[in-house]
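Topology and contacts: notes
Chain by chain, the residues run as shown.
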Amino acid sequence: MAFLGETSSQTIVNSRLGFIFPNGSIIHNDSEVYFQTSTPVPIRVPNNYYFASLKTRIHNTLQLTDKQFLDEIHYRQPFTHTGNQIRFQCMQLINDDDVNTMLMCNDQFLCIGPIELLCTVGRTPDEVINLLERTTTPTHDALLYYNGRWNMSPQNKFVECTFTGKNPKKFEFPSGCTLDELKDLIKQVAPKGIPPHGIHESQAVRRLFFRQPRRFEYSDKVIKYEINELKINDEVLKVLVQSNY
């Protein structure tokens, strides 16, 4: 297994093996401590090391960017329990003395294997904002008329209609929402109770109607509305596309 920046055999001799548990978990079990993470990262910890040097080495080994920083370092420290049993406790490394204690413990308990370090990696405020902007799913505002009605124009059955109903509910639904997901969301938003005043938990949303804008046939500037039933996912997608205009 290769180590980042380590090619000299002399470096290997003058150091000891360790594993980093980046953003891992500290597990307490029967008065002992364990570290868990998805993929531990190997590291060589040189003898006679200092805290600042250890932080720099961990930073380089994990290949952190300038938008990330090493926050905390915890050492899985062995100690002798009653009956000469070896147990472990969690020790946070914050200065040179702590690093020296870690190295002495490793010399004293060579039989337990490599040094184990759990590290928390943080992000700068700008990176947190950028990450949220990249991962936040856009939502669309909607108004729900549960068990509502539509008022029809006498000239055309479904053109220039409006919805009416008691206690319309405002809610948001995410982009990429399927028809079934939209129905489940509406069931959560709809008032609870006995039909027709509310929806019971055993009931399901059967039909959805969408009041969508359309260009008036005699003018490109006058917008009227028509009502369409949403039956398939593609029709929900059209609703999302039109809501962006």
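Residues numbered from 1 in each chain as written. Predicted model: local features only at pLDDT ≥ 70, side-chain atom pairs only at ≥ 80, totals over all residues. Heavy atoms only, no water.

1. A word on the overall build of the protein
The helix and strand tally for the protein stands at six helices and 13 strands. The buried share among the 245 residues of the protein stands at 31%. For the protein, the computed accessible surface area is about 16,200 Å², with 50% contributed by carbon and sulfur atoms. (Helix = DSSP H or I, 4+ residues; strand = E, 2+ residues; numbered from the N terminus. Buried < 20%, exposed > 50% of the residue type's maximum accessible area, 1.4 Å probe, protein only. Areas by Shrake-Rupley, 256 points an atom, 1.4 Å probe, with all protein chains shown as cover.)

2. Describing the pattern of salt bridges
What the rule picks out here adds up to four salt bridges. With a shortest N-O distance of 3.4 Å, E32 and R87 are connected by a salt bridge. With E32 in strand β3 (residues 32-36) and R87 in strand β6 (residues 86-92), this residue pair connects regions lying 55 residues apart in the sequence. For the pair E32 and R87, a shared accessibility class is recorded, and that class is buried. Residue R76 pairs with E116 through a salt bridge whose shortest N-O separation is 3.4 Å. In this pair, R76 is assigned in strand β5 (residues 68-80) and E116 in strand β7 (residues 115-123), connecting sequence segments 40 residues apart. (Salt bridge = Lys/Arg side-chain N within 4 Å of Asp/Glu carboxyl O.)

3. Notes on the pairing of strand β2 (residues 25-29)
The sheet contact formed by β2 and β3 spans five bridges and is antiparallel. Directly across from S25, in β3, lies its bridge partner Q36. Here β2 folds back onto β3 in antiparallel fashion, the turn holding two residues, of which D30 has a positive phi close to 50 degrees. (Pairing = 2+ DSSP bridges.)

4. Points about the sheet that holds β7
An order of β4-β1-β7-β5-β6 is seen for the five strands of this open sheet, with the pairing classed as mixed. Of all strands in the sheet, those bounded by a partner on one side alone are β4 (41-46) and β6. Mean inter-strand twist for the sheet, computed between neighbouring axes without regard to direction, equals 35 degrees. As paired elements, β5 and β6 share seven bridges and run antiparallel to each other. Within β6, the residue paired with Q77 across the bridge is Q89. Its contacts with the sheet place helix α2 (residues 51-61) against β1 (15-22), β4, β5 and β7, and it is angled at close to 150 degrees to β4. Contacting β1, β4, β5, β6 and β7, helix α3 (residues 96-108) crosses the sheet at an angle of about 40 degrees to β5. (Axes fitted to C-alpha atoms, helices over the stretch in contact; angles between N-to-C directions. Contact = heavy atoms within 4.5 Å.)

5. Considering the confidence of the model for the protein
Taken residue by residue, the protein gives an average pLDDT of 79. The fraction at 70 or more is 78%. Averaged pLDDT values for the elements of the protein fall to 53 in helix α1 (residues 9-13) and rise to 94 in α2. Confidence over residues 215-219 falls short of pLDDT 50; this stretch has six contacts with residues more than four positions distant or in other chains. (pLDDT = per-residue confidence, 0-100.)

6. Overview of the packing of α2 against α3
At a minimum axis separation of 8 Å, α2 and α3 run at an interaxial angle of 75 degrees. Taken together, the axes of α2 and α3 are roughly perpendicular relative to one another. On α3, the residues that touch F51, A52 and L54 of α2 are D96, V99 and M102. Considering only residue class, the contact of α2 with α3 consists of five nonpolar, no polar and one charged. (Parallel < 35°, antiparallel > 145°, perpendicular 65-115°, else oblique. Nonpolar A, V, L, I, M, F, W, Y, C, P; charged D, E, K, R; others polar.)

7. Structural notes on the environment of M91
Take M91: it is sitting in strand β6. Considering only alpha carbons, one finds M91 and M102, 11 residues apart in sequence, at a separation of 8.9 Å. Not counting chain neighbours up to four residues away, the residues in contact with M91 comprise I73, H74, Y75, Q77, D98 and T101.

8. Here's the deal with the nonpolar core
The nonpolar side chains of soluble globular proteins are, as a tendency, buried together. Residues L54, I58, I73, Y75, L93, M102 and L117 are the most contacted members of the largest nonpolar core, which totals 22 residues. Not counting the four nearest positions on each side in its chain, L117 is found in contact with F19, I20, F21, F35, L54, I58, I73, H74, Y75, L93 and M102. Of all hydrophobic cores here, the second largest spans 17 residues; its members include Y146, F173, A190 and F210. (Core = buried A, V, L, I, M, F, W, Y, C linked by side-chain atoms within 4.5 Å.)

9. Here's the deal with the side chain of H74
By the element assignment, H74 lies in strand β5. With relative accessibility at 10%, the residue H74 sits in the buried group. With near-sequence residues (within four places) excluded, H74 lies in contact with I26, F35, C90, M91, Q92, E116, L117 and L118.

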